[in-house]
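Summary of structural features
Each chain, letter by letter, is given below.
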Amino acid sequence: MILRRNLLGATAAAALIASAAPAFAQVEIQWWHAMTGANNDVVNRLADEFNASQRDYKVVASYKGSYPDTMNAGIAAFRAGNAPHIMQVFEVGTATMMAARGAIKPVADLMKEAGERFDPASYLPAVAGYYSTARGEMLSFPFNSSSTVMWYNKDAFKAAGLNPDAPPKTWPEVFEAAKKLKATATPNCGFSTAWVTWVNIEQFSVWHNIPIGTKSNGIDGFDTEFRINSPTHVRHFANLAELAKDKTYVYGGRTNTGEGTFTSGECPIMITSSGFYGNVKANAKFDWANAQMPYYPDVAGAPQNSTLGGASLWVMGGKNANEYKGVAKFFAFLSDTDRQARLHTESGYLPITTAAYEKVKASGFYNTNPYLETPLKSLTNKPPTENSKGLRFGNLVQIRDIWSEEIEAALQGTKTPQQAMDAAVSRGNASLRQFERTVTR
Amino acid sequence: MERRALFGGKVLPYSLLLPQFAIVVVFFYVPAVQAVWQSMLMQDAFGISTEFVWFENYTILAANPEYYRTMGTTAVFSVLVAFLSLSSGLLLAVMADKQIKGATIYKTMLIWPYAVAPAVAGVLWLFMFQPSLGMLAKALRSWGIDWNPLLNGNHAMILVVLAATWKQISYNFLFFLAGLAAIPKSVIEAAAIDGARPMRRFWTIVFPLLSPTAFFLLTVNIVYVFFDTFGIIDSVTSGGPAGNTTTMVYKVYADGKLGSDLGGSAAQSVVLMAIVIALTAVQFKFVERRVQY
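Just so we're clear, the structure is a prediction, and the values are computed from it rather than from any experiment. (Residues numbered from 1 in each chain as written. Chains lettered and ligands numbered in written order. Predicted model: local features only at pLDDT ≥ 70, side-chain atom pairs only at ≥ 80, totals over all residues. Heavy atoms only, no water.)

1. Here's the deal with the layout of surface pockets
Residues and elements named next belong to chain B.
- Taken as a whole, the second largest pocket holds about 650 Å³ of empty space.
- Around the second largest pocket, the lining comprises 20 residues; the ones closest to its centre are Val94, Lys98, Pro198, Phe202 and Val206.
- Among the secondary structure elements, those contributing two or more residues to the lining of the second largest pocket are helix H3 (65–96), helix H8 (185–193) and helix H9 (198–228).
- A total of 6 residues in the lining of the second largest pocket trace back to one element, the largest contributor, which is H9.
- Split into classes, the residues belonging to the lining of the second largest pocket amount to 13 nonpolar, 2 polar and 5 charged. (1 Å grid on protein atoms, 1.4 Å probe; cavity = no way out; pocket = protein on both sides within 12 Å on 5 of 7 lines; lining within 4 Å. Points joined across faces, edges and corners; volume = space filled by probe spheres on them. Helix = DSSP H or I, 4+ residues; strand = E, 2+ residues; numbered from the N terminus. Nonpolar A, V, L, I, M, F, W, Y, C, P; charged D, E, K, R; others polar.)

What follows is the structure, given as structure tokens:
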């Protein structure tokens, strides 16, 4: 007991010394992220610029592998008692992070306690909604965001006798164009999709204003159930399975590995993330463009608006007030309008504040780079509804794999689309119930 | 004749045993007990809330049809990999054991793949057979085979079996080669003088004398396919398509690491551990009897 009191005293004294003498030692802020290539440079430059802008805090950015790797590393570190201050978590992990109330520090609280200016209303509604609780409290700091768009090969369109400046707008038009392209220009592929569940279930549902699950796609509570076996969903997968038989539709895999078939010229239409921009720009040796996602014209209200991909920054719990002050300062630094505008035009990720979007728009940047505005137009197409403001499902990382398995079974023909989607719902629900049980105790 | 070391007291022998015993405890018994304990818990990803649920994770597992499918997949995968890697390892070792020019180089080259990490081996094969970029995939296509491991479960299985086999051949080759070197040449020469042809010499003399090595390798290979192949599966197919290449060990990883379901994952690893212990016991009880030392 005496020993413990002494220890406590010692730690308190140490903390006092640390907080009383910020001038002697910089406070290190650990930032774990999953950015590679050019985006890794962007992250490092942001950290360097912040470190150069003041003396009290030092942001140390560390690359921790892929999105799931980074998240798992952070979770493991938390369990071991040495979590980073800031952790970049992809959109799929949002529900898991939100549920971990004791493990995270809500960004809204962080900014308020540190006295930094922070206005959730300054973010694009689709962005703010994604990372806020049902009561509108922002829990994480939006960082890199993307959305789904349709990339197409203009040269192939010309070769197939299609108008390269009038891309197909609806799914039936895409199917027709793909058949024509495959018959004339690109014999191995009509169209393809990467991130199969994100494009064909998550974005698909949001874009058609139909629920992925009950309770506003899980935002209003963990007792949500999936609704992805609706007639519209089943029809879409029936179409894809039918077209997959003769390679009019080519399955592009669960992640973005299939994107290479677009830049190589094999697939003339690729529906995937707007973040594909850098790769297309660097590697496509043909004339290309992008357009908004297709929709089924007979679905009421379609197209609605698209939702986000990408990641946000989560602040981990259990750090001291001075460290949190540094994190808050860093976030204030990041939300600066000029910095946001520059990040958008340099990285190809979306601007996340309305002010940054307006600024870039006013500068005329989109006249020469219309492809960076397409996802923004989708994202802000209409005011979000309860089906389109975002989604929040626990265990979504694993559920996406379950969905992929069922979609693959439908495309293989081992299950009918109805069977596959029914199984996707029941297996997904089982995973949701398990998540609900572990978080609501 | 029995060889025994005689010790005066009990202190020395036990203290000599201690380091080995400590290693076994730290690296085997403690994790195994932890796995059993974890398998009776339900926890959120961060370990903030924990509930002791007795055997509920196991009953959930037993009621899951996907899990039985994984068992079938594992059986197919392990039989194929163990058989292919053992037989090709043996074939290559028999070839290399002959008097040929550049035997050392040949042997060295054959041992190389063993130094390749499973994930890297997976990526190598993935590149060769990637439907749109891979050289071998293009060749298959030009022969009219619609090669598509992304959707065709059999193609995906062939791919992971090839990668896992390729990786293990070197190891088997090395041990078979050592086994062959230990067989006295005089026995084989005697058989040759008696008129036995190479095939007959192999099956009646060499193979029985190799059986201890083969038995050892069988055990090691079973452990390899059950545990070490997950890196290959992860990098090549991630268990897809439609779960066609999800083996038991990959599911342990997918559910525990990606799905943050530590309890369910631990229950699976306990089941897996029991299966491997049972398989090894069966091997020692029945197969070892036929082995001629």
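2. Section: the pairing of strand S11 (residues 309–316) of chain A
All names here are of chain A.
- Burial runs high along S11: 8 of the 8 residues are buried.
- Every second residue of S11 is oriented toward a common face, with Gly309, Ala311, Leu313 and Val315 on one face and Gly310, Ser312, Trp314 and Met316 on the other, all of them buried.
- Judged from the 5 bridges that link them, strand S3 (residues 86–90) and S11 form a sheet pairing that is antiparallel. For Met87, the partnering residue across the bridge sits in S11 and is Trp314.
- With 5 bridges connecting them, strand S5 (residues 141–146) and S11 associate as antiparallel partners. Paired with Phe141 across the two strands is Leu313, which belongs to S11. (Buried < 20%, exposed > 50% of the residue type's maximum accessible area, 1.4 Å probe, protein only. Pairing = 2+ DSSP bridges.)

3. Remarks on the packing of H8(B) against H9(B)
Residues and elements named next belong to chain B.
- Here H8 crosses H9 at 145°, and the two axes come no closer than 11 Å. When the axes of H8 and H9 are compared, the crossing they make is right-handed. From H8, Val187, Ile188, Ala191 and Ala192 reach across to H9, where they touch Arg201, Ile205 and Val206.
- By residue class, the composition of the contact of H8 with H9 is 6 nonpolar, no polar and 1 charged. (Axes fitted to C-alpha atoms, helices over the stretch in contact; angles between N-to-C directions. Left-handed = near helix turned anticlockwise from the far one by under 90°. Contact = heavy atoms within 4.5 Å.)

4. Re the environment of Gln304(A)
Residues and elements named next belong to chain A.
- Its place among the elements puts Gln304 in the loop between strand S10 (288–291) and S11.
- Taking relative accessible area as the criterion, Gln304 reaches 4% and is therefore assigned buried.
- Sequence separation of Gln304 and Leu139 is 165 residues, and the distance between their C-alpha atoms is 25 Å.
- A distance of 3.0 Å separates polar atoms of two side chains, one belonging to Gln304 and the other to Asn305. (Polar contact = N/O pair within 3.5 Å; in protein donor to acceptor, adjacent residues only side chain to side chain.)

5. Re the interface of chain A and chain B
- Listed per partner, the contact involves 35 residues of chain A and 35 residues of chain B.
- Both faces considered, chain A and chain B share a buried interface measuring about 2900 Å² in area, 51% of it formed by carbon and sulfur atoms.
- For the interface between chain A and chain B, the tally reads 3 salt bridges.
- Its salt-bridge partner being Arg437(A), residue Glu51(B) comes within 3.6 Å of it at the nearest N-O pair.
- Our enumeration of links across chain A and chain B arrives at 6 residue pairs in polar contact (both at pLDDT 80 or more).
- Contributions of two or more residues to the side of chain A that touches chain B are made by helix H3 (67–79), helix H4 (94–99), helix H19 (396–412) and helix H20 (417–439) of chain A.
- Its residues assigned to classes, the side of chain A that touches chain B comprises 12 nonpolar, 13 polar and 10 charged. (Buried area = accessible area lost by both parts, 1.4 Å probe. Salt bridge = Lys/Arg side-chain N within 4 Å of Asp/Glu carboxyl O.)

6. A look at empty space enclosed by the protein
- Summed over the entire model, instances satisfying the criterion amount to 5 cavities of 30 Å³ or more.
- Its volume calculated, the largest cavity comes out at about 150 Å³.
- Val250(A), Tyr251(A), Thr261(A), Pro131(B) and Leu150(B) are the residues nearest the centre of the largest cavity, which is lined by 15 residues in total.
- Taken together, the residues of the lining of the largest cavity break down into 4 nonpolar, 8 polar and 3 charged.

7. Re the domain arrangement of chain B
Residues and elements named next belong to chain B.
- What the domain assignment reports for chain B is domain 1 (2–52) and domain 2 (68–292).
- Here domain 1 and domain 2 have C-alpha centroids that lie 30 Å from each other.
- Taken together, the two surfaces of domain 1 and domain 2 that pack against each other cover about 620 Å², and 74% of this comes from carbon and sulfur.
- When the buried area of domain 1 at its contact with domain 2 is split by residue, Gln38, Ser39 and Ala45 rank highest and sum to 47% of it.
- Where domain 1 packs against domain 2, one counts 0 salt bridges.
- Connecting domain 1 to domain 2 are 0 residue pairs in polar contact (both at pLDDT 80 or more).
- Sorting the residues of the side of domain 1 that touches domain 2 by element identifies helix H1 (11–38) and strand S1 (41–43) as the ones contributing at least two each. (Domains from an automatic or database assignment.)

8. Here's the deal with the pattern of salt bridges
- Within the structure shown, the criterion is met by 27 salt bridges over all chains.
- In this structure, the salt-bridge partner of Asp155(A) is Lys158(A), at a minimum N-O distance of 4.0 Å. With Asp155(A) and Lys158(A) both in helix H7 (residues 154–159) and 3 residues apart, the pair spans about one turn of that helix.
- The exposure class assigned to Asp155(A) is partly exposed, which follows from its relative accessible area of 33%.
- Across the pair Arg69(B) and Glu66(B) runs a salt bridge whose closest N-O atoms are separated by 3.5 Å.

9. Structural notes on the sheet that holds strand S6 (residues 148–153) of chain A
Residue and element names in this part refer to chain A.
- Pairing in this open sheet of 5 strands is mixed, and the strands run S8-S7-S9-S6-S10 from one edge to the other. Pairing within the sheet leaves two strands with one partner each, and these edge strands are strand S8 (249–251) and S10. Within this sheet the neighbouring strands show an average axis-to-axis angle of 25°, counted without direction.
- Relative to strand S9 (residues 269–273), strand S7 (residues 191–193) runs parallel, the two sharing 2 bridges. Among the inter-strand pairings, Ser192 is bridged to a residue of S9, identified as Met270.
- Lying over the sheet, helix H8 (residues 171–184) contacts S6, S7 and S9, oriented at roughly 125° with respect to S7.

10. So, unusual backbone geometry
Residues and elements named next belong to chain A.
- In the segment running from Ala302 into Pro303, the intervening peptide bond is cis, with an omega of -5°.
- Residue position: Pro303 is located in the loop between S10 and S11.
- The phi angle at Ser216 is positive, at roughly 50°, despite the residue not being glycine.
- Summarising the element assignment, Ser216 is placed in helix H10 (residues 214–217).
- Classification of Ser216 as buried rests on a relative accessible area of 6%.
- We note that Asn395 has phi near 60°; this positive angle belongs to a residue other than glycine.
- Inspection of the secondary structure assignment puts Asn395 in the loop between helix H18 (374–379) and H19.
- With relative accessibility at 9%, the residue Asn395 sits in the buried group.

11. Focus: helix H14 (residues 321–334) of chain A
Residue and element names in this part refer to chain A.
- Compared with an ideal rise of 1.5 Å per residue, which puts 14 residues at 20 Å, H14 spans 20 Å between its outermost C-alpha atoms and is within 8% of the ideal.
- Taken together, the buried positions of H14 are Glu323, Tyr324, Gly326, Val327, Ala328, Phe330, Phe331, Phe333 and Leu334.
- At the N-terminal end of H14, a side-chain oxygen is found 3.0 Å from the backbone nitrogen of Asn322, two or three residues along, and the residue is Asn320. (Expected span 1.5 Å × (residues − 1).)

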